[in-house]
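# An overview of the molecular structure
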Amino acid sequence: MITALLLFWPALAALLVLLIKGQGAKKVAFVAALVEFAIAIVATTGFDAAGGRTQYALNLPWVENAGIGFHIGMDGISLLMVLLTTFLVPLIILSAFKHDYKNPNAFYALILFMQTGLIGVFVALDAFLFYFFWEVALIPIYFIAAIWGGANRIKVTLKFFVYTVFGSLFMLAAFVYLYFQTGATEMAAHSSDVQAFYQLALSAESQSWIFWFLFIAFAIKMPVFPFHTWQPDTYTESPAQATMLLSGIMLKMGIYGVLRWLLPVVPMGVSQWDELVLILSIIGIVYGSIIAIRQHDLKRLIAYSSIAHVGLIAAGIFTLNEQGLQGGVIQMLSHGINVTGLFFIIDIIQRRTSTREITSLGGITQNAKALSIFFMILLLGSVALPLTNGFVGEFLLLLGVYNYNAWFGAVAGLTIILSSVYMLRMFQGVMFGTKSEHTEDFTDLTFNEKAVLIPLVIMVFWIGLFPNTFLSISEPAVGNLLNIINR
């Protein structure tokens, strides 16, 4: 039942928030998100990672005669994604407190509705239920970006919407095909349960084209090169909180989808195309990094850096070895934390200076010592400095890619050098040097802003110093995943 509580509590809270007029809506939304995080902590304390089995499962008939069930539950991979979501959402809501959004009840209610969609994606154990929550998560972020975004929000958001819906249709077609390949159950001729999909014995040819139908859907969401073109504009035009939701949590839906619904369902299809996917992913690492180096807009710089980081995660998980898969899971956590913190710092800078142009900034560290420290810690986590969260994931990912192909590992390893170049260049341009007219009166962090950044920085060091806290949760589930893939 705790999985159901995690799923429906944000939706119920969103309905309550919709009824509250004025600025009280954000306080209620924040408290509701904290309650959700507390529920996730309770679930974690009672979770037995050994064996990697699914826990807190609930399996009810949804469309009984069709073999479609409301089947939810969590293994170690799901639990870490739920923890990431429930940890970040209250911080994202708190980060919006300084903004004076029109219709705040609708804004915060949409964030909570989106949280239900995100949790649903991570706990769904039925293909059509997964598809349902996949689409549910898209609708709130579309309205948040389209209503409260920048000047080009309609055009950019429409492109994002069309891209993701286009990909979703491929996924739906693949699920329908897989559904009709399953055998009969007591109640229906077919089943869309995840275990029924895992037991399918499809031909290599069928797995090959099903692979592409699923991969296109997930690659657009991550996004992986060349399916990334919606991302930089959407991140730039969306309000800061939407950008944090998209980059910190929503792109993990695509990676999670690969782990749950692609690798174990069509392993022969993966074996036919894994090398091409790794090449695309590594191109994304280099391409995203080089474009990031050329950026002058802070948001676009982080957006392109995200393409590079996700490229490394995708390359790692398609190696199909334990290092790559474990690295992918832990790096999803680390990337979510780092990128959310960096986008929040950009939002702080933009609110105080009315610009995101690096060339218009400078000298901020002279007036904002606390901001400088938090910015540097999150930046070091992003460039994978040892003892920070980014190091653990990137080390495992690069080891996994190297074990797959040494040349691939060498090229993918450029991510460490290139990310250091664009991140340190950004920090130098924004924080050091002479003050500009925009930064002359820059003020340091407020209490609320520190309240958002402190938990993120704690996680940077927690994952960096004690990675086994999280690796031990996902390791048995990853082992089970490998057993299914190699069956």
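Above this text you will find the structure in question.
Here we summarise the structure given alongside this text. Only a predicted model underlies this, so the values are computations on that prediction, with no experimental measurement involved. (Residues numbered from 1 in each chain as written. Predicted model: local features only at pLDDT ≥ 70, side-chain atom pairs only at ≥ 80, totals over all residues. Heavy atoms only, no water.)

Here we take up the overall build of the chain. A count of helical and extended segments in the chain gives 19 helices and two strands. Taking 23 Å as the expected radius of gyration for a compact globule of 487 residues, we find that the chain reaches 21 Å, a close match to that expectation. By its C-alpha atoms, the chain is 70 × 55 × 45 Å across when sized along the principal axes. Residues classed as buried in the chain amount to 63% of the 487 residues present. Contacts spanning at least 24 positions in sequence make up 81% of the contacts within the chain whose residues lie at least 6 apart. Element-wise, carbon and sulfur atoms account for 66% of the exposed surface of the chain, whose accessible area totals about 17200 Å². For the chain, the centre of its 23 positive side-chain charges and the centre of its 25 negative side-chain charges are spaced 11 Å apart. (Helix = DSSP H or I, 4+ residues; strand = E, 2+ residues; numbered from the N terminus. Rg over C-alpha atoms; globule rule 2.2 N^0.38 Å. Buried < 20%, exposed > 50% of the residue type's maximum accessible area, 1.4 Å probe, protein only. Contact = heavy atoms within 4.5 Å. Areas by Shrake-Rupley, 256 points an atom, 1.4 Å probe, with all protein chains shown as cover. Lys, Arg positive; Asp, Glu negative; His and termini not counted. Charge placed at Lys NZ, Arg CZ, Asp CG, Glu CD.)

Another point: the nonpolar core. Most often, soluble globular proteins have nonpolar side chains that are buried together. With 185 residues, the main nonpolar core has F175 and F318 as its most contacted residues. Counting residues per element, this core draws most heavily on helix α10 (residues 240–262), at 15 residues. The contacts of F175, once residues within four sequence positions are left out, are A127, F128, F130, Y131, F197, L214 and W261. (Core = buried A, V, L, I, M, F, W, Y, C linked by side-chain atoms within 4.5 Å.)

With that settled, the discussion passes to the environment of I302. Mapped onto the secondary structure, I302 falls in helix α12 (residues 298–317). As for I302 and S289, which are separated by 13 residues in sequence, their C-alpha atoms are 9.8 Å apart. Excluding anything up to four places from it in sequence, I302 contacts V339, L342, F343, I346, M423 and M426.

Moving on, we come to the pairing of strand β2 (residues 68–74). Most of β2 is tucked away, with seven of its seven residues classed as buried. Of the two faces of β2, the one carrying I68, F70, I72 and M74 and the one carrying G69, H71 and G73 are both buried. With six bridges connecting them, strand β1 (residues 55–63) and β2 associate as antiparallel partners. Within the sheet, the bridge partner assigned to V63 lies in β2 and is I68. Hairpin connection of β1 to β2: four residues between the antiparallel strands, including G67 at a positive phi of 75°. (Pairing = 2+ DSSP bridges.)

All right, on to helix α5 (residues 127–148) then. In a regular helix each residue adds 1.5 Å, so 22 residues correspond to 32 Å; α5 covers 33 Å between its end C-alpha atoms and thus fits that length. Among the 22 residues of α5, 16 are classified as buried, and the element is accordingly described as predominantly covered. If you check the start of α5, you find a side-chain oxygen 2.9 Å away from the backbone N of F128, and it comes from D126. (Expected span 1.5 Å × (residues − 1). Polar contact = N/O pair within 3.5 Å; in protein donor to acceptor, adjacent residues only side chain to side chain.)

This part is about α12. When the terminal C-alpha atoms of α12 are compared, their 29 Å separation across 20 residues agrees well with the 28 Å that a helix rising 1.5 Å per residue should span. Burial analysis of α12 places 19 of its 20 residues in the buried class, which makes it a mostly covered element. Its side-chain oxygen 2.8 Å from the backbone nitrogen of K299, D297 forms the N-cap of α12.

By the definition in use, this model includes six salt bridges. With its nearest N and O atoms 3.0 Å apart, the salt bridge here joins R356 to D297. Pair noted here: R356 is in the loop between α13 (322–353) and α14 (369–382) and D297 is in the loop between α11 (267–293) and α12, with a separation of 59 residues, a long-range link. Residue class for R356 comes out buried when judged on its relative accessible area of 15%. What makes D297 buried here is its relative accessible area of 12%. Three or more residues joined by partner-sharing salt bridges are found here, namely D347, R351, R352 and E449. (Salt bridge = Lys/Arg side-chain N within 4 Å of Asp/Glu carboxyl O.)

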